[in-house]
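Spelled out from the first residue to the last, the chains are:
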Number of protein chains: 2
Amino acid sequence: MSLKLDSVSTLLNEPDAAPVHSVTLFVALVSACIVIGHLLQKTRWMNQSVTALAFGLCTATVIILTTNGKISDILLFDEDLFFICLLPPIIFNAGFQVKKKQFFQNFIIINLFGVVGTLISFGIISMGSAQLFMKFGLTFWDQGDFLALGAILSATDTVCTLQVLNQEDTPLLYSLVFGEGVVNDATSIVLFNAIQKFSVHITPDTVMQFTGSFLYLFSLSTLLGIAVGLMSAYIIRKLYFGRHSTDREVALMILMAYLSYVMADLFQLSGILTVFFCGIVMSHYTWHNITESSRVTTKHTFATLSFISETFIFLYVGMDALDMEKWKIAKGSPGTSVAVSSTLLGLVLVGRAASVISVSFLSNLANDSPIDKIGFKQQVGIFGLALFADLNLLNDKVMLLIQVTIWWAGLMRGAVSVALAYNKFTSSGHTQRPKNAIMITSTITIVLFSNVVFGLLTKPLVRLMLQPREQSSEISSPKSSSALLPLLANGQDLASELDSVGGGISIRRPSSLTMLITKPTSTVHYYWRKFDNAVMRPIFGGGGEESPPNDILH
Amino acid sequence: MSLKLDSVSTLLNEPDAAPVHSVTLFVALVSACIVIGHLLQKTRWMNQSVTALAFGLCTATVIILTTNGKISDILLFDEDLFFICLLPPIIFNAGFQVKKKQFFQNFIIINLFGVVGTLISFGIISMGSAQLFMKFGLTFWDQGDFLALGAILSATDTVCTLQVLNQEDTPLLYSLVFGEGVVNDATSIVLFNAIQKFSVHITPDTVMQFTGSFLYLFSLSTLLGIAVGLMSAYIIRKLYFGRHSTDREVALMILMAYLSYVMADLFQLSGILTVFFCGIVMSHYTWHNITESSRVTTKHTFATLSFISETFIFLYVGMDALDMEKWKIAKGSPGTSVAVSSTLLGLVLVGRAASVISVSFLSNLANDSPIDKIGFKQQVGIFGLALFADLNLLNDKVMLLIQVTIWWAGLMRGAVSVALAYNKFTSSGHTQRPKNAIMITSTITIVLFSNVVFGLLTKPLVRLMLQPREQSSEISSPKSSSALLPLLANGQDLASELDSVGGGISIRRPSSLTMLITKPTSTVHYYWRKFDNAVMRPIFGGGGEESPPNDILH
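Residues numbered from 1 in each chain as written. Chains lettered and ligands numbered in written order. Predicted model: local features only at pLDDT ≥ 70, side-chain atom pairs only at ≥ 80, totals over all residues. Heavy atoms only, no water.

1. A few points about the side chain of A:Gln97
- With respect to the secondary-structure elements, A:Gln97 resides in helix 3 (residues 79-97).
- A distance of 3.1 Å separates a polar atom in the side chain of A:Gln97 from the backbone oxygen of A:Lys299. (Helix = DSSP H or I, 4+ residues; strand = E, 2+ residues; numbered from the N terminus. Polar contact = N/O pair within 3.5 Å; in protein donor to acceptor, adjacent residues only side chain to side chain.)

2. A short note on the environment of B:Thr441
All names here are of chain B.
- Summarising the element assignment, Thr441 is placed in helix 19 (residues 434-465).
- According to the relative accessible area criterion, Thr441 is buried, its value standing at 2%.
- C-alpha of Thr441 to C-alpha of Ile84: the two residues are 357 residues apart in sequence and 23 Å apart in space.
- The residues contacting Thr441, other than those within four sequence positions of it, are Lys326, Trp327 and Ala330. (Buried < 20%, exposed > 50% of the residue type's maximum accessible area, 1.4 Å probe, protein only. Contact = heavy atoms within 4.5 Å.)

3. A word on the packing of helix 10 (residues 246-266) of chain A against helix 12 (residues 292-320) of chain B
- Relative to each other, helix 10 of chain A and helix 12 of chain B sit at 70°, their axes nearing to 9 Å. Our classification of the angle between helix 10 of chain A and helix 12 of chain B gives roughly perpendicular. Here A:Thr246, A:Asp247, A:Arg248, A:Val250, A:Ala251, A:Ile254 and A:Leu255 of helix 10 of chain A lie close against helix 12 of chain B, whose contacting residues are B:His300, B:Ala303, B:Thr304, B:Phe307 and B:Ile308. (Axes fitted to C-alpha atoms, helices over the stretch in contact; angles between N-to-C directions. Parallel < 35°, antiparallel > 145°, perpendicular 65-115°, else oblique.)

4. Notes on the nonpolar core
- Among the nonpolar cores identified, the biggest contains 262 residues, and A:Phe82, A:Phe133, B:Phe82 and B:Phe133 are the most heavily contacted of them.
- When sequence neighbours within four positions are dropped, the list of residues in contact with B:Phe82 reads B:Phe77, B:Leu87, B:Pro88, B:Ile313, B:Ala415, B:Val416 and B:Ala419. (Core = buried A, V, L, I, M, F, W, Y, C linked by side-chain atoms within 4.5 Å.)

5. Comments concerning the pattern of salt bridges
Residues and elements named next belong to chain B.
- What the rule picks out here adds up to eight salt bridges over all chains.
- We note a salt bridge from Lys435 to Asp145, for which the minimum N-O separation is 3.6 Å. With Lys435 in helix 19 and Asp145 in helix 6 (residues 143-152), this residue pair connects regions lying 290 residues apart in the sequence. Just as Lys435 is buried, Asp145 falls in that class too.
- For Arg352, the salt bridge is made with Glu180, and the minimal N-O distance between the two is 3.0 Å. Taken as a pair, Arg352 in helix 14 (residues 334-368) and Glu180 in helix 8 (residues 171-197) lie far apart in primary sequence, 172 residues in all. Residue Arg352 shares its accessibility class with Glu180, and that shared class is buried. (Salt bridge = Lys/Arg side-chain N within 4 Å of Asp/Glu carboxyl O.)

6. A word on unusual backbone geometry
- Look at A:Gln268: it is not a glycine, yet its phi comes out positive at around 60°.
- Classification of A:Gln268 by relative accessible area gives partly exposed; the value is 48%.

7. A word on the packing of helix 9 (residues 204-239) of chain B against helix 11 (residues 271-284) of chain B
All names here are of chain B.
- Where helix 9 meets helix 11, the axes come as close as 7 Å, and the angle between the chain directions of the two elements is 35°. Helix-helix and strand crossings are classified by hand; for helix 9 and helix 11 the assignment is right-handed. Along the contact surface, helix 9 presents Phe218, Ser221, Thr222, Leu224, Gly225, Ile226, Val228, Gly229, Leu230 and Ser232, while helix 11 presents Leu273, Thr274, Phe277, Cys278, Val281 and Met282.
- Residues of the contact of helix 9 with helix 11, tallied by class, amount to ten nonpolar, six polar and no charged. (Left-handed = near helix turned anticlockwise from the far one by under 90°. Nonpolar A, V, L, I, M, F, W, Y, C, P; charged D, E, K, R; others polar.)

8. A closer look at the side chain of A:Asn289
All names here are of chain A.
- Relative to the helices and strands, Asn289 resides in the loop between helix 11 (271-284) and helix 12 (292-320).
- For Asn289, a relative accessible area of 9% corresponds to the buried category.
- A polar atom in the side chain of Asn289 sits 3.2 Å from the backbone oxygen of Ala233.
- Those residues within four positions of Asn289 in sequence are excluded, and the remaining contacts are Ala233, Ile236, Arg237, His244, Glu249, Phe540, Gly541 and Gly542.

Structure follows, in structure tokens:
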């Protein structure tokens with residue numbers, strides 16, 4: 001997506017005094033959300049995202065009631081503000097704080113879910129909506145609209161689930177849901193942009209072009225992120241040798257992280273992937289070259305910026321939901337609106353279920369082939385191991401619960417969907433065409449419904465899942481609960497198995513090339529470690545074996 | 001100033017691709033400036049501000065040469081971007097990091113320089129330009145223009161001097177130059193806004209109204225800042241009791257600091273004063289209620305944001321200087337331009353000298369009156385003591401050097417002047433009238449000249465001043481160098497004298513009401529301490545006796 005900065009602040013583009021009102025309002029509301037969110041943290045149902053959404057809805061109601069709907073432009077969601085200011089800190093922080101070891105150990109399963117799962121979901125929503133709407137006699141939309149719709153509604157929002165999961169208690173589940181969320185966001189945005197570039201008629205040729213463009217975006221964006229991250233590490237390592245200045249270090253890290261994002265955009269790449277990988281590289285190298293106080297500062301600053309952005313986004317989506325303009329336009333055909341919204345919601349549920357089941361099936365298929373039985377087992381990581389390989393060890397009910405949780409985490413739709421919908425179906429936030437207004441209102445309906453209904457249920461559900469020792473004894477056999485432990489509780493016992501092969505202190509050299517085939521992840525990991533220690537660290541810096549930001553400081 | 005957010009990013013308001021270019025360009029340039037600034041730190045002449053200015057000028061030249069002056073809109077200075085995004089972090093950080101004890105001990109002398117000095121400078125520049133321009137036969141401008149010009153050119157920029165002074169080595173000199181800079185900024189902005197509100201004809205009535213409005217803005221803005229700061233302290237103290245979350249704490253502090261600024265603007269108060277006092281209150285109370293890692297994070301985050309803003313501003317002013325539009329319009333009358341610029345530059349120098357001399361005279365006058373000889377001595381602080389009371393102890397040459405340094409620190413004009421000039425003489429950055437274009441180009445000329453010429457000399461000059469032990473033996477008697485020590489080196493020996501009376505651990509009760517008259521600062525300080533310990537700290541929190549952010553952490 002080429003950033004259109006000319007409306008960086010449609011939000012603020014009010015005549016005269018109104019903008020100060022709206023900035024003050026938003027800053028005050030975000031502060032209030034944070035305080036209320038903290039107070040409600042201990043309750044059974046509410047979480048930060050739902051609180052912010054509810055806050056946004058209430059505020060919008062008050063504004064509409066007090067002004068008779070006059071200045072409802074304040075409520076308008078601005079996709080550019082979202083893509084330029086709010087999304088980058090969230091994604092960068094995701095890369096910066098991710099537990100790299102677990103992320104890369106589960107790289108394949110995360111990508112299976114993130115890329116393949118998203119593509120499946122995209123296909124089902126696109127084709128399903130095209131078929132069903134035609135059946136309903138709704139023929140306003142063309143093929144391009146349906147394809148865009150598929151991409152828009154494939155972007156999941158895992159923030160809600162992640163806020164409930166605890167990274168310390170369930171690192172594996174957390175990193176899987178988290179990794180999938182980031183890859184999914186990137187995939188759907190890249191997908192959306194790739195679709196926008198091509199004509200609406202699908203031919204084998206365009207499919208090829210599309211795939212090419214997709215792979216090109218993915219690889220180049222990643223490389224750019226890595227390059228900028230390494231550059232920051234190199235600069236800080238070489239320049240600041242013996243003469244550290246915390247302010248300069250922190251400033252340089254923030255600026256170069258953002259630079260990677262805008263550069264990606266300048267080269268028409270995917271900023272989200274670039275800034276994610278820039279974050280990973282920065283936490284692996286750059287972060288080790290700076291002073292102790294810079295480390296504490298960057299870790300918390302990035303987390304705080306991400307936190308503010310998240311809260312702001314939910315608040316913003318909540319307020320946008322009551323922007324009357326589009327509802328009035330869509331109101332012309334209430335039946336259609338309801339039909340479209342519920343159909344799409346159904347397709348989202350089906351698409352997500354299909355993608356979870358398909359990925360499971362893919363894993364199992366590979367798992368059953370005799371060639372790389374063990375290899376693939378380790379390849380798909382502990383997650384695949386517990387989930388799919390050891391099916392016979394798991395009680396059916398627990399198995400179902402796990403699958404439901406993964407399905408669940410990917411059910412919610414969020415700001416990425418709203419932003420993409422605005423990008424496709426409006427021009428700078430406004431539309432007069434009912435067929436477009438319906439698409440916007442349907443997206444908002446799905447976002448609100450999934451976040452409020454599923455969001456409120458997430459905390460109890462995840463809590464239920466996270467107490468397998470107590471709970472599982474009631475719903476399953478003791479045997480299964482022990483099998484659940486590695487997934488839900490800590491997973492270090494199984495993870496250590498991989499460690500002893502591919503990493504850790506006792507690095508064992510793979511004996512032959514067959515190793516590379518049978519144990520690709522471990523082997524890649526082994527060679528990466530060697531390369532990292534021999535070549536990368538002397539140039540770009542980097543501390544001891546295992547020192548991600550999240551482990552050292554607290 | 002009422003924020004006009006509708007052009008928050010005129011900078012970005014380019015059609016299509018250009019904005020991404022400019023954002024990328026600016027982020028890359030700021031990064032480069034920081035790196036180059038670090039490399040040049042040890043050199044004799046250059047400092048961060050001059051580097052950024054030079055960078056901006058070079059970049060602008062390259063852009064103009066490569067594009068034949070087509071997209072020179074990128075270079076346009078945006079006053080709203082400045083007032084909304086860049087200034088608040090700088091001023092907040094100023095309040096947050098100021099050494100409160102020294103600031104309030106020297107409160108009167110700082111205000112004498114900051115308020116009275118600025119008013120004198122304002123008067124001289126306004127009246128001088130009105131008189132001289134009339135003599136030159138330049139009659140385009142009215143009284144309102146001259147008054148505005150006085151306010152615009154009274155706003156000093158002490159960043160350049162502060163970057164050279166070292167807060168640890170010369171805390172007193174630093175806090176005086178620093179405190180004067182902030183008060184001066186606030187005074188000139190408040191002055192500018194007050195002038196804008198009144199008609200161009202001066203009558204005794206408008207002078208009264210003006211004074212009233214000035215005092216109203218000053219006091220209410222300060223109170224608002226204190227109120228928001230206390231609110232943040234109270235919220236964090238009450239809510240987070242026993243359950244701290246670093247991200248929430250940091251987010252809340254950032255948001256509430258900014259909230260104070262936009263609220264001030266909403267109520268048409270002076271955001272700069274509000275956010276400054278909010279910073280002071282936050283560092284005195286709020287900062288003590290948060291976790292250790294939050295403390296490190298907030299301290300460095302605020303400093304970093306301020307640092308980035310400062311660098312960006314100098315870069316921006318440098319680039320703006322070569323925006324061709326206004327030069328072309330002003331070129332119509334080159335003689336006038338040169339005459340105006342040099343006249344104004346002369347008036348700036350004279351105004352500053354007059355204000356320094358007048359304030360010195362005022363202090364001496366008060367000092368000679370028999371009633372509160374000692375009282376006033378302590379009132380004007382160590383600064384006044386060394387500078388004015390002990391004149392006979394000081395060698396004339398050294399005395400002159402000190403006065404020159406103070407004069408010097410206030411000579412440079414910066415972004416506040418440019419922003420105010422744009423506000424007064426353009427409409428959203430553009431003007432077609434030569435008389436306005438000349439004002440803009442003259443302001444830019446003065447800013448560039450003072451920063452580049454004086455800026456390059458600052459480092460050698462201050463270095464010269466800061467080595468009185470070595471240098472003074474050459475230029476003055478040993479006696480005078482010992483008298484200089486408290487001012488230039490540490491000042492703790494004299495400061496401790498005040499401590500034992502008004503603060504510190506051995507609080508001695510003032511014996512009678514005469515104390516309040518003869519030693520107002522110490523007495524106020526004593527009662528404030530009592531009140532702070534008995535009432536404020538139990539409610540709003542706050543640590544030990546002396547624990548400003550800058551002392552604890554490093």
